[in-house]
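What follows is the residue order along each chain.
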Amino acid sequence: MSHAVDGKIRHITVADANVFAELGFEESEAKRLQEDAQKEVEQLILIKRQLMQEISSWITEHNLRQAEVADKLNVSRPRVSDVVNLKTSKFTLDTLVMMLSKLGKPVSVTVG
């Protein structure tokens, strides 16, 4: 016996909508949740940018071409370019931490 998958789209949330309000939270709670989520995203982007700037500084210090760095990191040259150009959405924190580790710049974390 096979079951058909229902693929109908019943609702589309517009890009600038508050997803928490769309999920049915009260307006004040939805606003607070959205603000908290935005702060978390901004913090994550700042940390990624800091790690990317460390990689870029290392490249400059060692006077290397992106292709040489790509070989050292075992990634493509465009991937190195994305780091240098601070394209934060293309990287996870752990990827950036691993890259720095491969460059001999281990990352330590301070909490609080």
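Looking up the chain in an unreviewed UniProt entry gives the name XRE family transcriptional regulator, with the organism given as Silvania hatchlandensis.

**Student:** Residues and numbers for the nonpolar core, please.
**Tutor:** Nonpolar side chains in soluble globular proteins tend to end up buried together. Ranked by internal contacts, the top residues of the largest apolar core, which has 15 residues, are I55, I59, V69, V83, F91, L96 and M99. Put simply, the parts of the chain that give this core at least two residues each are α2 (27–61), α3 (66–73), α4 (77–84) and α5 (93–102). With five residues, α2 is the single largest residue contributor to this core. When near neighbours in sequence (up to four residues on either side) are disregarded, M99 contacts I55, L73, V75, R79, V83 and F91.

**Student:** I'd like a rundown of unusual backbone geometry, residues and numbers included.
**Tutor:** Most of the time, phi is negative for any residue but glycine, and the peptide bond is trans. Although it is not a glycine, N63 sits at a positive phi angle of roughly 50°. With respect to the secondary-structure elements, N63 resides in the loop between α2 and α3. On the accessibility criterion, N63 (69% relative accessible area) is exposed. Positive phi is not limited to glycine here, since N74 has a value of about 60°.

**Student:** Any chance you could break down the packing of α3 against α4 for me, citing the residues and the numbers?
**Tutor:** As a packed pair, α3 and α4 sit with axes 8 Å apart at the nearest point and diverge in direction by 105°. With respect to each other, α3 and α4 are oriented roughly perpendicular. Facing α3, whose interface residues are Q66, A67, V69 and A70, α4 presents R77, V80, S81 and V84. Residue classes in the contact of α3 with α4 are distributed as five nonpolar, two polar and one charged.

**Student:** Now, about the packing of α2 against α5: what can you tell me, with residues and values included?
**Tutor:** Running from amino to carboxyl end, α2 crosses α5 at an angle of 20°, the nearest separation of the two axes being 10 Å. Our classification of the angle between α2 and α5 gives roughly parallel. α5 is crossed by α2, and the crossing has left-handed handedness. Two secondary-structure elements touch here, α2 through L44, I47, K48, L51, M52, E54 and I55 and α5 through L93, L96, V97, M99 and L100. Considered class by class, the residues forming the contact of α2 with α5 number ten nonpolar, no polar and two charged.

**Student:** Describe in detail the UniProt feature "coiled-coil region" (unreviewed entry) in the chain, supporting the description with residues and values.
**Tutor:** Under the UniProt annotation, "coiled-coil region" (unreviewed entry) lies at residues 23–54. The span residues 23–54 is 88% helix and 0% strand, and its two end C-alpha atoms sit 39 Å from each other.

Each value, and the rule that gives it
Residues numbered from 1 in each chain as written. Predicted model: local features only at pLDDT ≥ 70, side-chain atom pairs only at ≥ 80, totals over all residues. Heavy atoms only, no water. Core = buried A, V, L, I, M, F, W, Y, C linked by side-chain atoms within 4.5 Å. Buried < 20%, exposed > 50% of the residue type's maximum accessible area, 1.4 Å probe, protein only. Helix = DSSP H or I, 4+ residues; strand = E, 2+ residues; numbered from the N terminus. Contact = heavy atoms within 4.5 Å. Axes fitted to C-alpha atoms, helices over the stretch in contact; angles between N-to-C directions. Parallel < 35°, antiparallel > 145°, perpendicular 65-115°, else oblique. Nonpolar A, V, L, I, M, F, W, Y, C, P; charged D, E, K, R; others polar. Left-handed = near helix turned anticlockwise from the far one by under 90°. UniProt positions renumbered as here; feature names shortened; annotations may be inferred.

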